[in-house]
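# Topology and contacts: notes
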Amino acid sequence: MKKITSTILSLAMGAAIFTGCSTTKSASAAQTGEKKMNKNTFTQVKLTKGQMNVFDFGSVKLHAYKTKDFIDDEVFIVEKAGKTVVIESPCFFDNNRELEEYLKGKEVAGVLVSYHGAGATFLPDVPKYATQNAVEYSANGGGKALITNFTKAFGAGFDGSVHKITNVIGEGKINIGGIDFVIKQTAEAFDIEIPEINAVYTHMLGHDCHSIIAGPAHADVVIAELKSYIAKGYSLILTAHYTPEDLKDAQTKIDYLENIKAIAKTSKNGADFKAKVRSAYPDYAGENYLDMTTGLFFK
């Protein structure tokens, strides 16, 4: 599993709270003809830098673009009847060009710009959709701070320009290019339900790595959200820095969060807490995330 550098993690700390680490899991199964959502049932298309995992559900396809950039961004493309809608934007110039090349010949009806506002040279003439709070997040809030820091960290390869939103949207159902989406506003931006493929997009999860959790109350908020995914029976959970996950992964994260809350109650201090969590999850990646969680639990 790829480890995000300490520099990137420290830059992200100001805005990333519910977070998961990246994954480099490869395709283990090709298409079987089954139309039920399965995170391991896809066709892999290798690109020059990144790779595309294509999930085929008959009338709708989901293209999951693993950028393989420095912050392990994922971009999703929903395709139906010859039209596509992109969820999030790549933010490195080479990925922008690579994804535009992949999309040639497909009509792009719009881009939903939620948590990742950078990368405005990507599809500049295509309509961009976002909630007002997402606009503010990228223009002036925590998202802007991240864009500024990433521009300094990555230099000329990072596209720090911010997408101009042409269509400000609210909560609820919206149809773009003949595809239905349901928008749910969050504290920073918005999550996206995709009813036709029984999937939901949120910022981050990561079932087999540590998360940045700002104390027991925040853990409870995350647990409640994950339980809502299970109750709704989503087939896939799409996130901005991880390959598609499923409800078993959501339950794994719930169990993890409940356990670290219990460990915190029996820990003498931060060092004791960190040691116990590491012992309980010896194979988990993202130790820098655990460091941050420790600092937030034991201020």
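Description of the structure in this document.

Reading the values: rules and limits
- Residues numbered from 1 in each chain as written.
- Predicted model: local features only at pLDDT ≥ 70, side-chain atom pairs only at ≥ 80, totals over all residues.
- Heavy atoms only, no water.
- Helix = DSSP H or I, 4+ residues; strand = E, 2+ residues; numbered from the N terminus.
- Buried < 20%, exposed > 50% of the residue type's maximum accessible area, 1.4 Å probe, protein only.
- Contact = heavy atoms within 4.5 Å.
- Areas by Shrake-Rupley, 256 points an atom, 1.4 Å probe, with all protein chains shown as cover.
- Pairing = 2+ DSSP bridges.
- Axes fitted to C-alpha atoms, helices over the stretch in contact; angles between N-to-C directions.
- Phe/Tyr/Trp six-rings, centres within 6.5 Å; stacked < 30°, edge-to-face > 60°.
- Lys NZ or Arg CZ within 6 Å of the ring centre and 35° of its normal.
- Salt bridge = Lys/Arg side-chain N within 4 Å of Asp/Glu carboxyl O.
- Expected span 1.5 Å × (residues − 1).
- Arc of directions from axis to C-beta.

Tallying secondary structure elements over the protein gives eight helices and 14 strands in all. When the 299 residues of the protein are sorted by exposure, 55% land in the buried category. For the protein, contacts bridging at least 24 residues in sequence account for 60% of all contacts bridging at least 6. Summing over all exposed atoms, the protein offers an accessible surface of approximately 12500 Å²; the carbon and sulfur share of this is 53%.

The mixed open sheet is built from eight strands, whose spatial order is 1-2-3-4-5-6-7-8. With partners counted over all chains shown, the strands left at the sheet margins are strand 1 (43-46) and strand 8 (167-169), one partner each. Going across the sheet, the axis of each strand differs from the next one's by a mean of 25°, ignoring polarity. Bridge analysis of strand 5 (residues 83-87) against strand 6 (residues 107-112) gives five bridges, and the strand direction is parallel. In the sheet register, Thr84 faces strand 6, and the bridge partner there is Val108. Docked against the sheet, helix 2 (residues 93-102) engages strand 2 (51-56), strand 3 (60-66) and strand 4 (74-80), running at close to 155° with respect to strand 3. Docked against the sheet, helix 3 (residues 132-139) engages strand 7 (128-131) and strand 8, running at close to 100° with respect to strand 7.

Turning our attention to the packing of aromatic side chains. As enumerated under the stated definition, the model contains 17 aromatic pairs in all. Between the aromatic rings of Tyr115 and Tyr201, the centroid separation amounts to 6.5 Å while the plane-to-plane angle is 50°, which identifies the pairing as tilted. Of this pair, Tyr115 sits in the loop between strand 6 and strand 7 while Tyr201 sits in strand 12 (residues 199-202), and the two are 86 residues apart along the sequence. On the numbers, 5.5 Å between centres and 50° between planes, the contact of Phe273 with Phe298 is tilted. One end of the pair, Phe273, is in helix 7 (residues 270-280); the other, Phe298, is in the segment after helix 8 (287-297), and 25 residues separate them in sequence. Under the relative-accessibility criterion, Phe298 is labelled partly exposed at 26%. Aromatic rings pair up to connect Phe70, Phe92, Phe150, Phe154 and Phe158 into one cluster. For the cation-ring pair, Lys253 lies above Tyr256, with the distance from its terminal atom to the ring centre recorded as 4.7 Å.

So, about the pattern of salt bridges. Scanning the entire structure with this criterion turns up 14 salt bridges. Of the charged contacts in the structure, one is a salt bridge between Glu79 and Lys106, with a shortest N-O distance of 3.5 Å. With Glu79 in strand 4 and Lys106 in the loop between helix 2 and strand 6, this residue pair connects regions lying 27 residues apart in the sequence. A residue is classified by how much of its surface remains accessible, and Glu79, at 15% relative accessible area, is buried.

Here we come to the sheet that holds strand 13 (residues 236-239). The strand order across the open sheet built from six strands is 9-10-11-12-13-14, with neighbouring strands paired in mixed fashion. The two strands at the open ends of the sheet, each matched to only one other strand, are strand 9 (172-176) and strand 14 (242-245). Across the sheet, the mean angle separating the axes of adjacent strands is 25° when strand polarity is ignored.

Take helix 4 (residues 142-154) next. Taking 1.5 Å as the rise per residue, helix 4 with 13 residues should run 18 Å; its terminal C-alpha atoms sit 18 Å apart, in good agreement. Among all positions of helix 4, only Gly143, Leu146, Ile147, Phe150 and Phe154 are buried. For helix 4, the angular spread of buried residues about the axis comes to 100°, placing them on one side. Two residues or fewer after helix 4 comes Gly155, characterised by a positive phi angle close to 70°.

With that settled, the discussion passes to the pairing of strand 1. Note: strand 1 against strand 2, four bridges, orientation antiparallel. Paired with Gln44 across the strands is Asn53, a residue of strand 2. Counting the residues in the hairpin turn of strand 1 and strand 2 gives four residues.

With respect to the element layout, Ile237 can be found in strand 13. Judged by its relative accessible area of 0%, Ile237 is buried. Once the C-alpha coordinates of Ile237 and Asp249 are considered, the two residues, twelve residues apart in sequence, prove to be 8.9 Å apart. Excluding residues that lie within four positions of it along the chain, Ile237 makes contacts with Val200, Thr202, Leu205, Tyr229, Pro244, Glu245, Asp246, Leu247 and Ala250.

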